[in-house]
Amino acid sequence: MRVEDLRHQYPNEWILLAVEEKDALSVPVEGRLLAHGQDPEALWDEVAARQGQFYIFYTGEVLKDMAVIF
Amino acid sequence: MPRAHFRPRTSVVVVAVGLTNQVTGRSVTVNMLLDTGATYTAISMRVAKGLGVPVNLDQTTRILTAQGSFEKMPLIRLDRVQVLGMSSEGVEAVIINLPAETGLDGLLGGSYLRDYQVLIDYPQGTLEIE
């Protein structure tokens, strides 16, 4: 599935993909959906049980309604 | 020069960062906040666990936080960090607590950026790394 399609299909969720295609800058653009949901910890547990190339991302707005100073 | 695009005039620049653990054979791309003011790159504990990067809680570094206090944070080494196709090996990183609601899995800081010429054009919304 395309990353852009997943952003629309699963709004405000964390996505775990097994990467199948990257763009010229090595950013994943397509892959096999392995898991999705509100809890990223569960997705990282999935990664820990596998080998390969993965992409984990949040489909919602990053840092929504918050400001940061690290 | 590799170039990424972000929303013009935003103060939040998020980049896709590839992290590789050569021991476990896992490579994961995550979204990180570009933080040119940070000494180290930082990842959340869930990322370290997922990659299989060992975290020694006795091996820490003292970090001055934005609150003006010092905290000891675990210091690790990432086998490979790749941004816009530009790779560095053996990048030091600290483990931080990043809540899920941030939508982020880390901060891209000086321990990676110091090896590159980094050009951020906020009005145009472009990031270049060479």
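Residue indices begin from 1 for each chain and proceed along its sequence in written order. Each chain is given a letter, starting from A, and each ligand a number, starting from 1, according to the order in which they appear as written. Thresholds applied to this predicted model are a pLDDT of at least 70 for local features of residues and 80 or more for the giving and counting of side-chain atom pairs; totals over whole chains, interfaces and linings are not thresholded and use all residues. To get the side-chain values, all heavy atoms of the structure are used, and hydrogens and water are removed first.

A run of H or I in DSSP counts as a helix once it spans at least four residues, and a run of E counts as a strand once it spans at least two, with each numbered from the N terminus. For B:D35, the location among the structural elements is in the loop between strand 3 (26–34) and strand 4 (41–44). Each residue is placed in one exposure class: buried if its accessible area under a 1.4 Å probe, protein chains only, is under 20% of its type's maximum, exposed if it is over 50%, and partly exposed if it falls in between. Positive charges come from Lys and Arg, negative ones from Asp and Glu, while His and the chain ends are left out of the count. We define a salt bridge as a side-chain nitrogen of Lys or Arg found within 4 Å of a carboxyl oxygen belonging to Asp or Glu. Buried within the structure, B:D35 lacks any salt-bridge partner; its nearest side chain of opposite charge belongs to B:R114, at an N-O separation of 14 Å.

The next subject is the pairing of strand 10 (residues 126–129) of chain B. All names here are of chain B. Judged by which residues are buried, strand 10 turns out to be covered on both faces: T126 and E128 on one side and L127 and I129 on the other are all buried. Criterion used throughout: strands pair if DSSP finds at least two bridges between them. Here strand 1 (residues 3–5) runs beside strand 10; their pairing, made up of three bridges, is antiparallel. Bridging across to strand 10, A4 finds its partner in L127. Linking two consecutive strands that pair antiparallel, namely strand 9 (residues 118–121) and strand 10, is a turn of four residues; a positive phi of about 75° is found at G125 within it.

The subject of this paragraph is the confidence of the model for chain B. Each residue carries a pLDDT score, the predictor's confidence in it, ranging from 0 to 100. Put simply, chain B has an average pLDDT of 95, and 100% of its residues get 70 or more. Scored as a complex, the prediction yields pTM 0.95 and ipTM 0.95.

Quick look at a nonpolar patch on the surface now. All names here are of chain A. Surface patches are drawn from residues lacking salt bridges whose relative accessible area is over 30%; two like charges belong together within 9 Å, two nonpolar side chains (Val, Leu, Ile, Met, Phe, Trp, Tyr) within 5 Å. Here the accessible surface of atoms and residues is derived via Shrake-Rupley with a 1.4 Å probe, and residues count as covered only by protein chains that are part of the display. A cluster of nonpolar residues, M66, V68 and F70, forms a patch on the protein surface that exposes about 240 Å² of accessible area. Here M66 is to be found in the segment after strand 3 (52–58). Assessed through its relative accessible area of 33%, M66 is described here as partly exposed.

The next thing to look at is the sheet that holds strand 1 of chain B. Residue and element names in this part refer to chain B. The strand order across the open sheet formed by three strands is 1-10-9, and the pairing between neighbours is antiparallel. Strand pairing shows two members of the sheet lacking a second neighbour, strand 1 and strand 9, which therefore form its edges. The sheet shows a mean angle of 15° between the axes of neighbouring strands, direction not considered. Here an axis means a line fitted to C-alpha atoms, over the contact stretch when the element is a helix, while the angle between two N-to-C directions is reported on a 0 to 180 degree scale.

A common way to state how big an interface is: give the accessible area lost once the parts meet. Residues are treated as being in contact if the distance between any of their heavy atoms lies within 4.5 Å. Across the contact, 32 residues belong to chain B and 25 residues belong to chain A. In this assembly, chain B packs against chain A so that about 2,400 Å² is buried in total across both faces, 63% of it on carbon and sulfur atoms. Put simply, chain B and chain A have one salt bridge between them. One salt bridge connects B:R46 with A:E41, and the closest N-O pair in it is separated by 4.0 Å. Side-chain atoms alone can form a polar contact between residues adjacent in sequence; in general such a contact is a pair of N or O atoms within 3.5 Å, and within protein one must be able to donate a hydrogen while the other accepts it. Put simply, chain B and chain A have 10 residue pairs in polar contact (both at pLDDT 80 or more) between them. When residues of the side of chain B that touches chain A are traced back to their parent elements, those giving at least two are strand 2 (14–21), strand 3 and helix 1 (45–51) of chain B. Broken down by element, the residue count for the side of chain B that touches chain A peaks at seven residues, all from strand 3 of chain B. In terms of residue class, the side of chain B that touches chain A is made up of 15 nonpolar, 10 polar and seven charged. Alignment of strand 3 of chain A against strand 3 of chain B, held across four bridges, turns out to be parallel. Defined here as a combined quantity, buried area equals the accessible surface (1.4 Å probe) lost by two parts on assembly, summed across both. Three classes are used: nonpolar for Ala, Val, Leu, Ile, Met, Phe, Trp, Tyr, Cys and Pro, charged for Asp, Glu, Lys and Arg, and polar for all others, with Gly counted as polar.

Let us now look at the side chain of B:E128. Residues and elements named next belong to chain B. Locating E128 in the fold gives a position in strand 10. Residue E128 is classed as buried on the basis of its relative accessible area, which comes to 9%. Among the polar contacts made by the side chain of E128, one reaches the side chain of R3 at a distance of 2.6 Å.

What follows deals with the pairing of strand 2 (residues 28–37) of chain A. Relative to strand 2 of chain A, strand 1 (residues 14–22) of chain A runs antiparallel, the two being bridged by eight bridges. Bridge pairing in strand 2 of chain A places A:E21 opposite A:E30.

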